[in-house]
Structures are given as structure tokens and as C-alpha cells.
Amino acid sequence: MLGRLYVVMPVTFSKKGSSSHWKAFMDPQGLDPMNPSIFISSPVSASVGCYRFQLCLFTQGKQRRRVFGKFILLCNPWCREDTVYIPFEDQREEYIQNDSGLLFMGTAMNLVARPWSFDQYEPGVLETCLNLLQVSPQHQKNRRRDYLNRNNPVYISRVVSAMINSEDDRGVLKGKWSGGFKEGTNPSSWTGSGDILKQWADSGYSPVKYGQCWVFAAVMCTVMRVLGIPCRVVTNFNSAHDTNDNLVIEEFYSECGKKLNRSKDSIWNFHVWVECWMTRRDLGSGMDGWQVLDPTPQERSGGVFCCGPAPVKAIKDRRIDLVYDVPFVYAEVNADIHIIVLSGDRVLSFSKDTERVGSFICTKAVGHPRQQNITGDYKFLKSPTSTLSSRHSTNSDDSTLSRGSSRGVFVMLSLEKAPVAGEPVRFTVRVINKQNIPKMLKVHANAQAKEYDHSPSDTFWENHGVIKLAPMEDTVLHNQILPAQYEDVVGDDLINLAVVLEDIGSQERVLASEEFNIASPQLNIQIVDEDSIMPFREQTATVTFRNPYSHPVSGILTVSGAGLIQGKLHYRMPPLSPGGTVQQQVTFMPSMMGTKMLQANLSLANMRANIRGFKMVSVRRA
């Protein structure tokens with residue numbers, strides 16, 4: 001019985017199952033008449049949910065006894081006939097069974113791999129995920145129809161996408177992208193889904209404060225994995241939010257290189273969603289496989305704040321006629337950028353960038369703690385050996401560059417290497433006089449801090465000068481921003497750096513700009529005898545932090561790990577001078593076998609920065 005839906009079946013002695021209808025049988029071999037085992041086999045079309053059942057015993061046609069029980073039925077990615085069947089065992093291990101992962105943030109040239117605990121085996125998580133379906137508006141409006149539709153992962157994923165945010169319902173998370181977080185938890189402080197789902201359930205299903213895109217996506221990933229639907233978290237770097245559907249995002253700069261907040265459209269330095277694996281019988285076999293689902297509330301779909309499932313193949317082929325929300329996701333990875341330099345309301349220069357949006361899309365690799373480039377799944381790349389596919393790695397030291405050109409001048413802005421906390425940000429400005437006449441140029445360099453989803457704040461560093469160029473001269477200017485100039489401003493945020501050249505003779509302006517993050521230091525975790533870790537045997541880990549900043553820091557160290565530590569361990573870190581090192585011994589006792597993630601998070605008291613580290617721990621049988 002599922003709600004008021006039910007099916008009646010005789011208990012037979014035939015083991016032969018069926019993929020099309022319910023069946024119950026007893027094994028006649030080894031049958032204990034006083035304590036028989038009865039097996040129930042469900043059809044592949046059965047709905048997800050918590051079933052009740054009753055077993056009735058008849059003697060000579062009269063009912064003698066009844067017993068009652070419950071069982072939970074999930075999607076089955078191991079079953080070939082199931083609509084979520086995924087063919088490779090290593091993918092099932094990664095996208096269903098793995099209870100930890102990495103979320104990729106920062107920028108494409110300087111990836112930040114944030115550890116996350118999906119927590120699907122933690123107490124109460126399974127029940128909360130099933131209750132999410134019960135709390136949904138679809139279930140509250142028409143329970144029978146909801147139960148009947150729960151055999152379809154397209155339907156389930158749309159319900160979950162809407163229920164992760166709380167814009168239309170009693171959803172899990174309340175989003176907040178500006179102002180303080182005093183009434184709740186800073187989204188950057190969450191380290192796993194379990195705490196969020198537990199808080200939601202314990203509050204009687206009141207939204208948990210607060211989430212941003214990576215939190216929404218990671219919690220949805222947990223729910224989908226719990227329900228048996230293969231799921232992975234995906235990051236799109238330079239993600240466009242095109243409010244007027246013209247596939248164009250406008251960016252405005254002042255004549256001195258300050259980025260202006262003039263446009264309703266926006267580009268997020270990164271945006272995080274999920275992909276779920278399923279058959280799309282509603283669209284045809286060509287659209288089977290990975291589907292984009294985005295629980296971050298951005299636009300309404302069918303009147304509700306949800307997004308997807310949009311087939312990744314449809315996004316690549318621009319099949320904007322297909323459901324669900326393909327045009328919106330297509331714009332997120334394909335919009336053009338128009339860059340305009342203004343003096344008041346007068347346009348001084350205009351340029352186009354057709355490559356930056358969706359320049360790098362990645363997810364965690366199967367079985368390894370590193371990124372996998374999946375940009376080619378979403379769009380046709382210009383060449384298989386482009387810099388996009390070869391340049392990106394989690395510890396990339398390659399430079400990034402931005403170019404601008406006018407009739408008379410070419411400018412190129414390059415970071416010498418991916419910036420690292422505690423070190424100067426060094427960059428060069430290459431200027432080429434394209435004409436056979438000498439030139440006098442004003443050079444304006446401007447740096448602003450910015451959050452990943454906002455326009456930049458005020459200028460915190462600038463440099464202005466004048467250079468002379470001989471005919472056809474090619475010159476390079478060297479600049480640096482010192483740690484003391486950016487540390488207190490930037491924290492976990494990014495920097496927008498822009499250079500504007502002004503040709504004094506022709507009045508032409510040309511701009512080159514780059515947005516980048518500062519790589520935070522990492523916490524180092526070492527474990528004694530890490531090759532002989534067993535369940536229910538105490539282990540010791542050492543967490544080490546070296547202060548790379550130019551001033552003393554202090555804070556709270558939090559250590560956690562699903563299957564390794566119950567709850568969280570907290571340690572206070574006293575002030576640590578620049579260049580100083582501190583170590584913290586941590587004891588833990590694994591409760592589960594398998595590969596588990598031990599993660600540490602240091603929240604600094606006097607900076608807007610979180611320092612993270614993780615260690616994969618293999619817990620083996622004794």
C-alpha cells in the first residue's frame with residue numbers, strides 16, 4: 001500500500017520474478033514453517049516511497065491472522081529496465097554511493113576545490129528525503145496523482161528542484177546573496193548536507209537560513225542519491241544570467257577602468273547546478289543521459305522556481321524547443337558579452353567577447369579527488385586541443401590574459417601566475433603601437449573586490465601614468481598589488497582588474513580586464529598508520545596550518561567526517577603570527593567501512609576567509 005493505492009498478490013512458491021508486476025514468494029527449500037521468509041518483488045514501474053504492507057494467512061478459506069510491516073522503495077540504477085540505470089559500476093559508486101565529494105568554485109584559472117559531505121548514510125537523512133516528497137505542494141494538492149507520478153524520475157527531479165529552495169513552498173533552504181547572515185548560517189560555513197536536512201526536519205520543515213548556489217546544488221545531490229537517482233554537482237565558470245533572453249550580457253566600465261553596476265543582466269564568476277542521469281521517454285532516446293537541474297531560485301519554470309531536467313545533449317544542439325528550460329541553460333553557457341567604456345553616458349569604446357561565458361564546465365572525476373572537464377558535453381569547442389581543455393587543473397600555475405584592440409593600439413593584460421594568498425599579485429600590461437606614428441598614452445589600472453555573483457565594490461587599488469610609444473613599438477609594463485593592499489578587502493572574494501589605455505592624440509580608448517581569485521592556503525591533514533584504519537578503532541590525525549598572511553590570525557577549527565566522527569569537533573586557535581605554524585591533534589573512531597572524507601575548516605576571526613583541507617580515509621575490514 002502506498003497511501004490509498006494498493007495491490008493484492010498471492011504468496012507462491014515460484015521464484016520467477018517479473019519486471020512488470022508485483023510478486024511475492026516463499027523459497028520452499030530450507031523453509032522453516034514456524035518462521036518463514038517471504039520475498040516481495042516490485043515492477044520497474046513502481047513508485048518511490050514508504051510502503052505499508054500486510055500479510056494475511058488463510059486456513060481452509062478463512063482468514064486467521066494478519067501482520068503489518070513497512071518498506072522503502074527507491075529507484076534502482078543497478079536494474080537494466082529502470083529509467084535511471086547507469087551502466088558502469090564505478091559510476092554507480094561515484095554518483096549514488098559516494099557520501100563525499102568536491103565542489104569547484106573560484107575561477108577557471110585558479111580552481112578552488114571545496115570538500116563537501118553528502119551524508120546520505122547519516123541517521124535521519126533517508127527519512128527526511130522521503131518526507132521532502134510528502135511536504136511538496138504536488139503531494140499536498142493531490143496525493144493519489146503524486147504517488148502515481150513517482151515512478152518517473154523526470155517528475156521526481158522537478159519536485160525536488162523546487163523543494164530545495166523555499167520560494168514557493170516549505171522548501172529546505174532560504175537563499176541570501178547580499179547583506180549579513182546574522183539570522184542564520186553564512187552559506188560559506190556549511191560543510192555538508194546532513195546538518196541542513198536535520199535542521200529543516202527538526203524545525204517542522206521551516207526553511208534553513210541560508211543557501212547560495214553551491215549549497216542548493218549539493219543538498220539536491222544528496223536527495224537525488226538517497227532516492228536512487230545518479231547525480232553529480234557541476235560548476236559553470238562565467239555563467240550568464242540573461243534576463244531579457246537576447247543572449248547578450250552588457251558590461252560597463254568608466255574611462256579609468258572602474259567596472260560600473262549598470263546592467264540588469266549579470267555574469268556569475270561561477271554557478272553550480274546538478275546533473276541527474278535518466279531516460280527521457282518523453283523526448284526520445286537521443287535525449288537520454290545527463291540532465292541539468294538547478295535548484296537555485298533564478299527564474300520560474302511552469303510558474304514555480306525550479307529548473308530542468310534539461311538534457312545536456314539538447315543544450316549542446318540548441319534544441320530550445322524541448323522541455324524543460326533548455327533556452328535558459330543554453331544562455332548560461334553561450335551568451336556573448338558586450339564591453340562598453342563610458343564617460344558619463346557617452347560611449348568611448350565598444351568590444352565583444354564571445355568566449356568567456358561557459359568557458360569551463362567541470363565536475364568531480366569518477367573515483368578521484370580532482371576535476372573532470374565536461375565543457376565539450378555542453379558546447380562545440382573550437383579545437384580539441386584548445387587552451388581551455390589543456391590549461392585547467394586544480395593547481396594550475398598558468399597565466400591568464402585578456403586582450404583589447406583599437407585601430408591604433410593593442411593591449412594585453414596578463415597575470416604572471418595564479419595569485420596565492422600572502423604573495424603579491426604580479427601582472428604585466430603589454431602595449432603595442434599598431435601605427436607608424438609616435439603616440440602618447442594615458443594608462444589607467446584599477447582593481448575592485450567583488451563577490452562571485454555581484455558587480456564589484458569600490459576601487460581598492462589604482463595606478464595611473466603616461467607612456468610614450470615610438471612608431472610600431474611593443475612594450476611591457478610590470479605592476480603588482482601587495483598583500484597588505486588586498487588582504488583585508490578580498491578574503492574569499494574575487495578581484496576585478498582592468499586597464500584602460502587612452503590615446504591622447506586620437507582620443508581612442510581600449511580596455512583589457514580580468515577577474516580572478518586569490519588561492520587560499522590549505523590545511524594539511526596527516527593520519528598515523530593510514531594504511532591500517534579499521535572500524536571502531538581509535539585513530540589520530542594531525543591538522544597543520546601555516547599563516548601566509550602579513551598579520552596575525554586567529555579562529556575556530558572545525559573537524560568532521562561522515563562515518564568517521566559523530567557530529568563535529570571544535571578547537572579554538574589562538575593568535576598566530578605571520579609565517580607561524582600551528583598543529584592540532586584530532587582523535588576519531590570510524591563507524592563505517594569504505595572510503596570516507598575527513599575534512600577540516602578554519603574560520604578566521606579577523607578576515608572574511610575560510611581555510612579548508614580534506615583527507616580521503618580508507619576504512620578496511622579488521
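Not measured: the values here are computed from a predicted model.

Topic: the packing of helix α6 (residues 193-202) against helix α7 (residues 213-226)
Alright, step 1. Contact pair α6 / α7: the axes reach a minimum separation of 9 Å and the direction vectors enclose 85 degrees. It follows from the interaxial angle that α6 and α7 lie roughly perpendicular. Across the interface between the two elements, Ser 193, Ile 196 and Leu 197 from α6 touch Val 215, Ala 218, Val 219 and Thr 222 from α7.
Alright, step 2. Considering only residue class, the contact of α6 with α7 consists of five nonpolar, two polar and no charged.

Quick notes on unusual backbone geometry
Alright, step 1. The residue after Lys 209, namely Tyr 210, is reached through a cis peptide bond having omega 5 degrees.
Alright, step 2. Relative to the assigned elements, Tyr 210 resides in strand β9 (residues 208-211).
Alright, step 3. Cis geometry marks the peptide bond from Gly 308 to Pro 309; its omega dihedral reads 5 degrees.
Alright, step 4. With respect to the helices and strands, the residue Pro 309 is situated in the loop between β16 (304-305) and β17 (310-311).
Alright, step 5. Look at Asn 238: it is not a glycine, yet its phi comes out positive at around 60 degrees.
Alright, step 6. In this fold, Asn 238 is placed in strand β10 (residues 231-241).

Observations regarding the environment of Ser 406
Alright, step 1. You can see Ser 406 is positioned in the loop between β22 (401-405) and β23 (409-415).
Alright, step 2. Ser 406 sits 102 residues away from Glu 508 along the chain, and the two C-alpha atoms are 7.3 Å apart.
Alright, step 3. Other than its neighbours up to four places away in sequence, Ser 406 contacts Lys 434, Glu 508 and Val 510.
Alright, step 4. Engagement of the side chain of Ser 406 in a polar contact is seen with the side chain of Glu 508, the distance being 3.2 Å.

Examining the nonpolar core
Alright, step 1. Judged by nonpolar contacts, the single largest core of 62 residues is most densely connected at Val 160, Ile 164 and Trp 214.
Alright, step 2. Broken down by element, the residue count for this core peaks at 12 residues, all from α7.
Alright, step 3. Discounting residues that sit within four places of it in the chain, Val 160 has contacts with Leu 132, Leu 133, Met 220, Val 223, Met 224 and Leu 227.
Alright, step 4. By size, the runner-up hydrophobic cluster in this structure holds 58 residues, among which are Leu 415, Ala 447, Leu 523 and Tyr 549.

Considerations on the sheet that holds strand β2 (residues 23-26)
Alright, step 1. Across the sheet, which stays open at both edges, the three strands sit in the order β1-β2-β3 with mixed pairing between neighbours. The open sheet is flanked by β1 (11-12) and β3 (38-41), the only strands paired with a single partner.

Side note on the sheet that holds strand β36 (residues 610-619)
Alright, step 1. Strand order in this open sheet of four strands is β33-β32-β35-β36, and the pairing throughout is antiparallel. Edge positions in the sheet fall to β33 (568-576) and β36, since each has one partner strand and no second. The mean inter-strand angle of the sheet, taken between neighbouring strand axes irrespective of direction, is 20 degrees.
Alright, step 2. In the sheet, strand β35 (residues 594-604) pairs with β36 via 10 bridges, with the strands oriented antiparallel. Looking at the pairing, Leu 598 lines up with Lys 615 of β36.

Thoughts on the side chain of Ser 239
Alright, step 1. Within the secondary structure, Ser 239 is located in strand β10.
Alright, step 2. Polar side-chain contacts of Ser 239 include one of 3.0 Å to the side chain of Asn 236.
Alright, step 3. In contact with Ser 239, not counting residues within four places along its chain, are Ser 266, Ile 267, Trp 268, His 271, Trp 273 and Glu 332.

Structural notes on the environment of Cys 79
Alright, step 1. Looking at the element boundaries, Cys 79 is found in the loop between β5 (62-73) and α1 (89-97).
Alright, step 2. Using a relative accessible area of 19% as the deciding quantity, one classes Cys 79 as buried.
Alright, step 3. Contact partners of Cys 79, with chain neighbours within four places excluded, come to Val 44 and Tyr 85.

Some words on the pattern of salt bridges
Alright, step 1. A complete count under the given rule lists 26 salt bridges for this structure.
Alright, step 2. A salt bridge links Glu 515 to Lys 450; the nearest nitrogen and oxygen atoms lie 3.8 Å apart. Remark: Lys 450 occurs in strand β25 (residues 439-450) and Glu 515 occurs in strand β29 (residues 509-517); sequence separation between them is 65 residues. Grouping residues by exposure puts Glu 515 and Lys 450 together as buried.
Alright, step 3. Measuring nitrogen to oxygen at the nearest pair gives 3.7 Å for the salt bridge that ties Glu 502 to Arg 509. We note that Glu 502, like Arg 509, is buried.
Alright, step 4. Three or more residues are tied together by salt bridges with common partners; here these are Glu 251, Lys 259, Asp 353, Arg 356, Lys 450 and Glu 515.

Thoughts on the confidence of the model for the protein
Alright, step 1. Confidence in the prediction of the protein, expressed as mean pLDDT, is 92, and 96% of residues score 70 or more.
Alright, step 2. Confidence drops under pLDDT 50 across residues 384-400; counting only partners more than four residues distant or on other chains, this segment forms 35 contacts.

Here we look at the packing of aromatic side chains
Alright, step 1. Evaluated as defined, the whole model comprises 17 aromatic pairs.
Alright, step 2. Aromatic side chains Trp 177 and Phe 216 sit 6.1 Å apart centroid to centroid with 20 degrees between the ring planes, which places their arrangement in the stacked category. Highlighted residues: Trp 177 in the loop between β8 (173-175) and α6 and Phe 216 in helix α7, separated in sequence by 39 residues. Here the two residues Trp 177 and Phe 216 agree in accessibility, since each one is buried.
Alright, step 3. Ring centres 5.8 Å apart and planes at 65 degrees place the aromatic pair Trp 214 and Tyr 452 in the edge-to-face group. Of this pair, Trp 214 sits in helix α7 while Tyr 452 sits in the loop between β25 and β26 (459-469), placing them 238 residues apart in sequence.

Focus: the packing of helix α2 (residues 125-135) against α7
Alright, step 1. Contact geometry of α2 with α7 gives a least axis separation of 10 Å together with a crossing angle of 95 degrees. Here α2 is positioned roughly perpendicular relative to α7, judged by the angle of their axes. Where α2 abuts α7, its residues Val 125, Leu 126, Cys 129 and Leu 132 lie against Thr 222, Val 223 and Val 226.

Details of the UniProt feature "active site" (unreviewed entry) in the protein
Alright, step 1. When the UniProt feature table is mapped to this numbering, "active site" (unreviewed entry) covers Cys 213, His 271 and Asp 294. On the basis of their most widely separated C-alpha atoms, the annotated residues across 82 residues gather in one place, lying no more than 9.7 Å apart.
Alright, step 2. Structurally, Cys 213 can be placed in helix α7.
Alright, step 3. When neighbours within four sequence positions are excluded, Cys 213 is seen to be in contact with Trp 177, Trp 268, Phe 270, His 271, Val 272, Thr 296 and Tyr 452.
Alright, step 4. Within the secondary structure, Asp 294 is located in the loop between β14 (289-293) and β15 (300-301).
Alright, step 5. With residues up to four places along the chain from it excluded, the contact list for Asp 294 reads Ser 161, His 271, Val 272, Trp 273, Cys 306, Cys 307 and Glu 332.

So, how was this worked out
- Residues numbered from 1 in each chain as written.
- Predicted model: local features only at pLDDT ≥ 70, side-chain atom pairs only at ≥ 80, totals over all residues.
- Heavy atoms only, no water.
- Axes fitted to C-alpha atoms, helices over the stretch in contact; angles between N-to-C directions.
- Helix = DSSP H or I, 4+ residues; strand = E, 2+ residues; numbered from the N terminus.
- Parallel < 35°, antiparallel > 145°, perpendicular 65-115°, else oblique.
- Contact = heavy atoms within 4.5 Å.
- Nonpolar A, V, L, I, M, F, W, Y, C, P; charged D, E, K, R; others polar.
- Polar contact = N/O pair within 3.5 Å; in protein donor to acceptor, adjacent residues only side chain to side chain.
- Core = buried A, V, L, I, M, F, W, Y, C linked by side-chain atoms within 4.5 Å.
- Buried < 20%, exposed > 50% of the residue type's maximum accessible area, 1.4 Å probe, protein only.
- Pairing = 2+ DSSP bridges.
- Salt bridge = Lys/Arg side-chain N within 4 Å of Asp/Glu carboxyl O.
- pLDDT = per-residue confidence, 0-100.
- Phe/Tyr/Trp six-rings, centres within 6.5 Å; stacked < 30°, edge-to-face > 60°.
- UniProt positions renumbered as here; feature names shortened; annotations may be inferred.

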